Amino acid sequence: LICQSLRNLPFDKLSVPEFVGIISLFTYEPRSLNQDDEIKIPKGITSEMIKGVIQNWVQIHNLESEMQLDPISEPEAGFLNTSFRWAQGHSLTAILNSNPELTVGDFVRQMKQIIDLIRQIRGAFEELRVLCEQSLVAIDRGVLKYIEQ
């Protein structure tokens, strides 16, 4: 799903926060499946990219079903706004205050997964290398940088 999306969608047109937010679709796994939770999604190209990722997932899911394979997880947007805001430069305090159910540990775990995936993309997709580097500078900071040491 990740490679299919990176090949077929205009990731190179995204801003750093949009890129980080979209990458979170591939890494986030909610602890609970509460469908009543409202997911905040930034407007603009991000919404179109989410639709594109979901369309890719549907195509892959249909093929998996036809071949009787275990399906990959559906993209999950529950961390998109949080990662988007972190990439914009918001403080950890501001992010935690706007999402009282999010713990520091969960935030760090999710962001570390995003950082790891962006590093892998940086090495595999030359055309996205600059965007990946800019994204890493924007998000590998604060508590994330401290924990790395």
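Before going into details, it helps to say that this report is about the structure given with it.

**Re the overall build of the protein chain**
- When its secondary structure is counted, the protein chain shows eight helices and zero strands.
- The C-alpha radius of gyration computed for the protein chain amounts to 15 Å, which stays within 12% of the reference 15 Å derived for 149 residues, consistent with globular compactness.
- Its C-alpha atoms give the protein chain principal-axis dimensions of roughly 45 × 40 × 30 Å.
- The proportion of buried residues among the 149 residues of the protein chain is 42%.
- Long-range pairs, those at least 24 residues apart, make up 73% of the contacts in the protein chain between residues at least 6 apart in sequence.

**A few points about a nonpolar patch on the surface**
- On the surface, a cluster of nonpolar side chains totalling about 310 Å² of accessible area is made up of Leu-63, Met-67 and Leu-69.
- Its place among the elements puts Leu-69 in the loop between helix H3 (45-66) and helix H4 (80-88).

**Re helix H2 (residues 16-27)**
- For H2, built from 12 residues, the straight-helix expectation of 16 Å at 1.5 Å per residue is met to within 8% by its first-to-last C-alpha distance of 17 Å.
- A large share of H2 lies buried, amounting to 12 of its 12 residues.

**Looking at the packing of aromatic side chains**
- Taken as a whole, this structure holds four aromatic pairs when the rule is applied.
- Judged by centre distance (6.1 Å) and plane angle (90°), the rings of Phe-11 and Phe-19 are edge-to-face. Phe-19 carries the same exposure label as Phe-11, and that label is buried.
- Taken together through their ring pairs, the aromatic side chains of Tyr-28, Phe-79, Trp-86 and Phe-107 make up a single cluster.
- Sitting over the ring of Trp-86, Arg-141 keeps its end group 3.6 Å from the ring centre.

**Quick notes on the nonpolar core**
- Core analysis: the largest hydrophobic core is formed by 40 residues, its most contacted members being Phe-11, Ile-22, Ile-23, Phe-107, Met-111, Ile-118 and Ile-139.
- Looking at this core, the elements that each hand over two or more residues are H2, H3, H4, helix H5 (92-98), helix H6 (104-124) and helix H7 (129-139).
- Here the element with the most residues in this core is H6; it accounts for eight residues.

**Some remarks on the side chain of Ser-135**
- By the element assignment, Ser-135 lies in helix H7.
- Since its relative accessible area comes to 0%, Ser-135 is described here as buried.

**A short note on the state of the cysteines**
- In total, this model carries zero disulfides according to the counting rule given.
- Its sulfur unpaired, Cys-3 is 12 Å from the next cysteine sulfur, which belongs to Cys-132.

**Section: the side chain of Asp-140**
- As for its position among the elements, Asp-140 is in the loop between H7 and helix H8 (143-148).
- A polar atom in the side chain of Asp-140 sits 3.2 Å from the side chain of Arg-119.

Criteria and cut-off values
- Residues numbered from 1 in each chain as written.
- Predicted model: local features only at pLDDT ≥ 70, side-chain atom pairs only at ≥ 80, totals over all residues.
- Heavy atoms only, no water.
- Helix = DSSP H or I, 4+ residues; strand = E, 2+ residues; numbered from the N terminus.
- Rg over C-alpha atoms; globule rule 2.2 N^0.38 Å.
- Buried < 20%, exposed > 50% of the residue type's maximum accessible area, 1.4 Å probe, protein only.
- Contact = heavy atoms within 4.5 Å.
- Patch = residues over 30% accessible without salt bridge, like charges linked within 9 Å, V, L, I, M, F, W, Y side chains within 5 Å.
- Areas by Shrake-Rupley, 256 points an atom, 1.4 Å probe, with all protein chains shown as cover.
- Salt bridge = Lys/Arg side-chain N within 4 Å of Asp/Glu carboxyl O.
- Expected span 1.5 Å × (residues − 1).
- Phe/Tyr/Trp six-rings, centres within 6.5 Å; stacked < 30°, edge-to-face > 60°.
- Lys NZ or Arg CZ within 6 Å of the ring centre and 35° of its normal.
- Core = buried A, V, L, I, M, F, W, Y, C linked by side-chain atoms within 4.5 Å.
- Disulfide = S-S within 2.5 Å.
- Polar contact = N/O pair within 3.5 Å; in protein donor to acceptor, adjacent residues only side chain to side chain.

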